[in-house]
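Observations on the model geometry
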Amino acid sequence: MTEKFKHPWCDDLGSDMDKAKTILADKSATITFIANTTGINRVSISNYRNGVTDIEKVNWATISKLSRAYEADWIQKQIGNRQTEFAQFIKNFTDKITKYANQVEKEDIAMGDTIDLLNDMTTSDIIQLIELYKNYIDED
């Protein structure tokens, strides 16, 4: 497996602690958004954001929740208000790759399996899916 696929997509965005710190520092991510996304109360988020509570000393479950909020915010910024279209693109993309893999597999089982693996690798990496989607909708 190539280096690019050894780690999940979210690792490309930094560690969970990096992402937690980034979402707290990003003033465009409102306390309400973070609270609604994580289930962490607004006062705690405000305390983390303002340094009243040292984020380095917070339990790992909280860091993980903040990290997931960062990822959700990042994805939203990438696809904007096109969530439905993006989801449909993913379905269509995987359906077509699966169909092609099944056709190829009739003559070359190993290649069919390789195409299936490509499908799995691509669909498990949101960064790749977003890049493919952007290419797909590019009007140029």
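In the block above lies the structure referred to throughout.
The paragraphs below set out a description of the structure included in this document. Along every chain, residues carry numbers that run from 1 in the direction the sequence is written. In keeping with the model being predicted, local features are shown solely for residues with a pLDDT of at least 70 and side-chain atom pairs are shown and tallied solely at 80 or more, while totals for entire chains, interfaces and linings include all residues. Derived side-chain values reflect all non-hydrogen atoms in the structure, with water molecules and hydrogen atoms excluded from consideration.

1. A short note on the side chain of D16
What counts here: Put simply, DSSP H or I for four residues or longer makes a helix, DSSP E for two residues or longer makes a strand, and each gets a number counted from the N terminus. Relative accessibility under 20% of the residue-type maximum defines a buried residue, over 50% an exposed one, and the middle range a partly exposed one, all with a 1.4 Å probe and only protein chains included. The definition of a polar contact used here is a pair of N or O atoms within 3.5 Å, where within protein one atom must be able to donate a hydrogen and the other to accept one, and adjacent residues in sequence count solely through side-chain atom pairs. Residue contacts are counted whenever heavy atoms from the two residues lie within 4.5 Å of one another.
Along the polypeptide, D16 turns up in helix α1 (residues 16-25). Residue D16 is classed as buried on the basis of its relative accessible area of 18%. Within polar-contact distance, the side chain of D16 engages the side chain of S67 at 2.8 Å. If we skip the residues at most four places from it in the chain, D16 touches W60, I63, S64, S67 and R68.

2. Focus: the environment of L117
Mapped onto the elements, L117 comes out in helix α6 (residues 109-123). Put simply, L117 and D138 are 21 residues apart on the chain and 26 Å apart in space, counted from C-alpha to C-alpha.

3. Regarding the pattern of salt bridges
Defined as follows: Here a salt bridge means any side-chain nitrogen of Lys or Arg lying within 4 Å of a carboxyl oxygen belonging to Asp or Glu.
This structure, assessed with the given rule, holds eight salt bridges. In this structure, R68 and D16 form a salt bridge, with 2.8 Å as the shortest nitrogen-oxygen distance. Taken together, the residues R68 in helix α4 (residues 60-79) and D16 in helix α1 connect sequence positions 52 residues apart.

4. Some details on the packing of α4 against helix α7 (residues 126-137)
To keep it simple, the criterion reads: The convention used is that axes are lines fitted to C-alpha atoms, helices contributing only their stretch in contact, and that angles between N-to-C directions extend from 0 to 180 degrees. Between 65 and 115 degrees an angle is taken as roughly perpendicular, under 35 as roughly parallel, over 145 as roughly antiparallel, and anywhere else as oblique. As a working rule, the residues Ala, Val, Leu, Ile, Met, Phe, Trp, Tyr, Cys and Pro are called nonpolar, Asp, Glu, Lys and Arg charged, and the rest polar, with Gly in that last group.
Put simply, α4 and α7 touch, their axes get as near as 11 Å, and they point 10° apart. The orientation of α4 relative to α7 falls into the category roughly parallel. Taken together, the residues of α7 that come into contact with α4 (itself represented by W74, I75, Q78 and I79) are I126, I127, I130, Y133 and K134. Its residues assigned to classes, the contact of α4 with α7 shows seven nonpolar, one polar and one charged.

5. Focus on helix α5 (residues 83-105)
Quick reminder of the rule: Expected helix span is given by 1.5 Å per residue-to-residue step, counting one fewer step than there are residues.
Given a rise of 1.5 Å per residue, 23 residues ought to cover 33 Å, and the 33 Å separating the end C-alpha atoms of α5 matches this to within 8%. What α5 keeps buried is the set F86, F89, T94, I97, A101 and V104.

6. A closer look at the packing of aromatic side chains
Note the threshold: Pairing of aromatic rings covers Phe, Tyr and Trp, the last through its six-membered ring, and needs centres within 6.5 Å; plane angles under 30 degrees mean stacked, over 60 mean edge-to-face, and all others mean tilted.
The tally for this structure, following the rule as stated, stands at four aromatic pairs. Aromatic side chains F86 and Y133 sit 5.2 Å apart centroid to centroid with 70° between the ring planes, which places their arrangement in the edge-to-face category. Of this pair, F86 sits in helix α5 while Y133 sits in helix α7; the two residues are 47 residues apart in sequence, bridging distant segments of the chain. With respect to class, F86 is no different from Y133; both count as buried. For the ring pair F89 and Y136, a centre distance of 5.1 Å and an interplane angle of 40° mean the geometry is tilted.

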